[in-house]
Amino acid sequence: MLQKKLIQNLNNTLFKKNYYFFFLTISSFFFTFYYGFIGIFPIDSFLIYDAGYKISNGYHPFKDYWSITGPLLDYIQFVFFKIFGINWFSYVLHAAILNFLVTLTFFYFFIKLKINPANSFLYSLSASILAYPSVGTPFMDHHAVIFSIISGIFLFLAFLKDRPLYWFLVPIFLSASFLSKQIPSAYLFFLFTLFILLFWIFFSPKNYKFIIYLFIGSILSIFIFFLFILVNKIPINNFFTQYIFYPLEIGKDRNSSIHFNFHNVFFQFKFIYFSMIPLILVFFKLKKKKINLEIKKDYFLLLFIFLLISLFLLGQIFTKSQILIFFLIPFLIGISHFFCNKYLEKKFIIIFLISLLIISTLKFHLRFNENKKFMELNNMDLKLAIKVDNFDKSLKGLKWITPNNPNPDKEIQKLIKIKKIILSDDTKKIIITDYQIFPAILKLKNIAPNKWFDSMSVPKRNNKYFDDYKKFFIESLRSQKIETIFFFNEKEIYLKNIFTKECLNKDKINENLSKIYIKRCLD
């Protein structure tokens with residue numbers, strides 16, 4: 001009888017988990033697809049689309065185009081384009097898969113912490129709403145943070161359960177984060193190294209096995225990276241200049257302009273701090289407990305979480321972009337639930353945590369998903385968004401509206417005219433614009449020598465890497481035998497430091513578009 005009851009309970013639990021798994025899968029895809037087809041922030045929304053298209057045509061980052069962001073997204077998008085075609089669906093699918101990955105990782109993590117399936121589902125559902133739907137299309141910041149938090153989750157589980165797979169996966173996901181964007185993985189590398197050493201010294205001094213699995217994961221990551229460099233014949237100097245040295249210069253400039261004040265450090269992240277209140281209570285309650293190995297480890301785990309979240313906050317502050325780390329709230333609520341089960345009267349605390357989860361999820365869903373604040377569309381009337389099948393069939397289903405353009409129909413008509421103008425030109429050409437959808441819809445086989453053009457990506461004349469950039473830019477145009485550069489007029493500034501006035505004798509086509517015949521300056 002007892003055996004039958006145990007089997008029945010086990011079957012019920014498995015059914016619930018599968019049931020929750022199914023709905024989390026639906027949720028993670030639905031929210032990303034729904035919001036990924038509404039609104040455009042051109043310089044961000046088209047960045048990885050164009051990068052995936054570049055690779056589809058045989059070009060590679062660092063070798064063929066200047067890139068200060070991670071190459072991983074470019075190659076993942078290339079795979080999606082290869083399988084599903086070059087279209088907006090395969091673009092949003094890329095983002096949806098990442099949202100699915102982080103959602104299911106959260107659910108797995110909470111179940112492993114022995115949080116009941118219903119709560120684990122609720123916390124993971126919140127993550128599926130707050131993680132990737134805020135941008136809806138592949139973006140390096142989101143990839144980097146998602147891979148980093150997954151790496152942190154596996155390290156936490158490794159500390160807790162000391163299983164080989166967890167140790168192996170830590171460097172895999174940390175490397176994936178670094179190859180998406182340098183921050184926050186660069187910070188986390190030092191934190192992880194410190195805590196792994198502390199774990200070895202204080203909790204596993206005679207155990208060398210976990211180091212072996214860490215080592216295997218690290219070596220595999222390094223091997224894949226160098227294989228990527230060798231197969232694609234990417235000069236290693238280019239990689240270090242573009243991805244390490246020049247971004248460090250950018251970081252120095254950014255850090256000097258950051259002002260740490262109450263709003264930047266505390267107020268804008270208040271819900272993240274609220275979700276850590278139970279952890280702080282547990283931390284102080286442990287001081288009253290008799291010290292044993294379990295208490296020491298929980299101190300260790302709490303300190304790890306505090307510092308982990310601090311580095312995510314620091315990375316967000318230094319990035320100086322729209323906030324994307326609010327999906328850490330359900331993560332912290334799950335961690336708080338885990339420690340409350342062990343050390344606090346949980347009924348009142350759990351009610352507080354679930355109330356906080358509901359309030360914060362609704363708040364940030366409305367702000368970042370519904371109002372599209374991350375894409376700076378929060379002041380636009382999204383009901384004015386229009387379908388753009390007439391611009392290009394690959395954008396089927398996309399509802400177009402961009403910041404500062406209250407008339408999307410007029411904007412699309414301008415872009416259609418520009419499309420026709422460029423199509424009528426039979427020279428070897430590139431186009432420089434924030435609307436980096438153009439190379440794909442025009443099926444251009446030549447590429448702009450930079451991943452994107454703004455004050456951060458393009459070195460200033462007084463920057464010590466400017467000469468490297470200028471040489472790289474000109475050599476790329478020469479090797480492609482480019483004859484004409486089309487550019488949107490606001491992008492002319494990024495050509496003035498490269499070419500002489502004689503070379504920049506432009507032909508202004510209309511209020512938006514100009515071109516220069518550059519061949520004579522490259523011979």
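Computed from a prediction, not measured in an experiment: that's the story for all the values here.

Student: What should I look at first to understand the side chain of D425 in this one?
Tutor: Mapped onto the elements of the fold, D425 is located in the loop between helix 18 (408-423) and strand 3 (429-432). Of the polar contacts made by the side chain of D425, one reaches the side chain of T427; its length is 2.4 Å. For D425, the contacting residues outside a window of four places in its chain are T484, F486 and K515.

Student: Explanation requested: the pattern of salt bridges in the structure shown.
Tutor: Pairing of side chains with opposite charge becomes possible as their charged atoms draw close. Per the counting criterion, the structure on display carries 12 salt bridges. With its nearest N and O atoms 3.7 Å apart, the salt bridge here joins K464 to E249. Taken as a pair, K464 in the loop between helix 19 (438-441) and helix 20 (466-480) and E249 in helix 11 (residues 236-256) lie far apart in primary sequence, 215 residues in all. On the basis of relative accessibility, which here comes to 17%, the residue E249 falls in the buried class. Measuring nitrogen to oxygen at the nearest pair gives 2.9 Å for the salt bridge that ties K342 to D298. Of this pair, K342 sits in helix 16 (residues 328-343) while D298 sits in helix 15 (residues 293-319); the two residues are 44 residues apart in sequence, bridging distant segments of the chain. Judged by relative accessible area, which is 34%, K342 ranks as partly exposed. For D298, a relative accessible area of 2% translates into the label buried. Within this structure, E294, D298 and K342 form a network of salt bridges that share partners.

Student: Looking at this structure, I do not really get the environment of F240. What am I missing?
Tutor: Note on placement: F240 falls in helix 11. Look at F240 and you get partly exposed, because its relative accessible area is 35%. With 172 residues separating them in the primary sequence, F240 and I68 have C-alpha atoms 9.8 Å apart.

Student: Sorry if this is basic, but what is going on with the packing of helix 6 (residues 117-130) against helix 16 here?
Tutor: Packed helix pairs are specified by the crossing angle of their axes together with the interaxial distance, meaning the distance between the axes. Put simply, helix 6 and helix 16 touch, their axes get as near as 9 Å, and they point 160 degrees apart. Classified by the angle between their axes, helix 6 and helix 16 sit roughly antiparallel to one another. As helix 6 packs across helix 16, the resulting crossing turns out to be left-handed. Side by side, helix 6 and helix 16 meet where N119, Y123, S126, A127 and L130 of the first sit next to P330, I333, G334 and H337 of the second. Classifying every residue of the contact of helix 6 with helix 16 gives five nonpolar, four polar and no charged.

Student: For this particular structure, what's the right way to read a nonpolar patch on the surface?
Tutor: Taken together, the side chains of I212, Y213, F215, I216, I219, I222, F226, I236, F240, F245 and L248 present a nonpolar region at the surface, about 990 Å² in accessible area. When contributions to the nonpolar patch are tallied by element, the ones reaching two or more residues are helix 10 (209-231) and helix 11.

Student: Hey, could you run me through helix 9 (residues 185-203) in this one?
Tutor: For helix 9, spanning 19 residues, the distance from its first C-alpha to its last is 25 Å, which sits close to the expected 27 Å at 1.5 Å a residue. Those residues of helix 9 that sit buried are S185, L188, L191, F192, F195, I196, F199 and F203. Projection of helix 9 onto a plane perpendicular to its axis shows the buried side chains occupying an angular sector of 135 degrees, all on one side. Among the exposed residues of helix 9, those oriented more than 90 degrees off its buried face are F190 and I201. Tucked inside the fold, the buried residues of helix 9 contact helix 7 (140-161), helix 8 (164-178), helix 10 and helix 15.

Student: Just to check I follow, could you spell out helix 18 for this structure?
Tutor: Over its 16 residues, helix 18 extends 22 Å from the first C-alpha to the last, a length consistent with the 22 Å expected when each residue adds 1.5 Å. On its buried face, helix 18 is in contact with strand 1 (386-387), strand 2 (399-400), strand 3, helix 19, strand 4 (484-488) and strand 6 (513-517).

Student: Can you walk me through the environment of S180 in this structure?
Tutor: In this structure, S180 sits in the loop between helix 8 and helix 9. The class for S180 is buried, based on a relative accessible area of 0%. For the pair formed by S180 and L72, sequence separation is 108 residues and the distance between their alpha carbons is 5.4 Å.

Student: Explanation requested: the packing of aromatic side chains in the structure shown.
Tutor: Aromatic ring pairs are reported here in terms of the distance separating the ring centres and the angle at which the planes meet. Throughout the structure, instances matching the rule amount to 80 aromatic pairs. Consider the rings of F22 and F23, whose centres lie 5.4 Å apart with planes at 85 degrees: the pair is edge-to-face. Judged by its relative accessible area of 37%, F23 falls in the partly exposed class. Considering the side-chain rings of F30 and F31, the 5.3 Å spacing of their centres and the 75 degrees angle between planes classify their relative orientation as edge-to-face. Classification of F31 as buried rests on a relative accessible area of 16%. Counting every residue linked through ring pairs, the aromatic cluster contains F46, Y49, F81, W88, Y91, F391, W400, Y435, F438 and F488. The ring of F267 has K270 sitting right over it, with the charged end atom 4.0 Å from the ring centre.

What counts, and where the lines are drawn
- What you see as residue numbers is a count from 1 along each chain, following the sequence as written.
- Predicted model: local features are reported for residues with pLDDT of at least 70 only, side-chain atom pairs are reported and counted for 80 or more only, and whole-chain, interface and lining totals are derived from all residues.
- Each side-chain value is derived from all of the structure's non-hydrogen atoms; neither hydrogens nor water enter the calculation.
- Going along the chain from the N terminus, every DSSP run of H or I of four or more residues is numbered as a helix, and every run of E of two or more is numbered as a strand.
- Identification of polar contacts relies on pairs of N or O atoms within 3.5 Å, with a donor-acceptor requirement for protein atoms, meaning one able to donate a hydrogen and the other able to accept it, and with residues adjacent in sequence counted only if both atoms are side-chain atoms.
- Residue contacts are counted whenever heavy atoms from the two residues lie within 4.5 Å of one another.
- Any carboxyl oxygen of Asp or Glu within 4 Å of a side-chain nitrogen of Lys or Arg constitutes a salt bridge here.
- The buried label applies to any residue whose accessible area, calculated with a 1.4 Å probe on protein chains only, is under 20% of its type's maximum; exposed applies above 50%, and partly exposed to all values in between.
- Every axis corresponds to a line fitted to the C-alpha atoms, with the helix fit spanning only the stretch in contact, and the corresponding angles, defined between N-to-C directions, vary from 0 to 180 degrees.
- Each angle gets one of four labels, with under 35 degrees taken as roughly parallel, over 145 as roughly antiparallel, 65 to 115 as roughly perpendicular, and the rest as oblique.
- Should the near helix be turned counterclockwise from the far one by less than a right angle, the crossing is left-handed, whereas a clockwise turn marks it as right-handed.
- Amino acids are sorted into nonpolar (Ala, Val, Leu, Ile, Met, Phe, Trp, Tyr, Cys and Pro), charged (Asp, Glu, Lys and Arg) and polar (every other residue, Gly among them).
- Surface patches are drawn from residues lacking salt bridges whose relative accessible area is over 30%; two like charges belong together within 9 Å, two nonpolar side chains (Val, Leu, Ile, Met, Phe, Trp, Tyr) within 5 Å.
- Only the protein chains shown count as cover for residues, and all accessible areas are computed by the Shrake-Rupley method using a 1.4 Å probe.
- The length a helix should cover is 1.5 Å for every residue beyond the first.
- Along the arc lie the directions from the helix axis toward the C-beta atoms.
- To pair, rings of Phe, Tyr and Trp, with the six-membered ring standing in for Trp, must have centres within 6.5 Å; the planes then decide the type, stacked if under 30 degrees apart, edge-to-face if over 60, and tilted in the middle.
- The criterion is that NZ of a Lys, or CZ of an Arg, lies within 6 Å of the ring centre and within 35 degrees of the ring normal, and then a charge sits over that ring.

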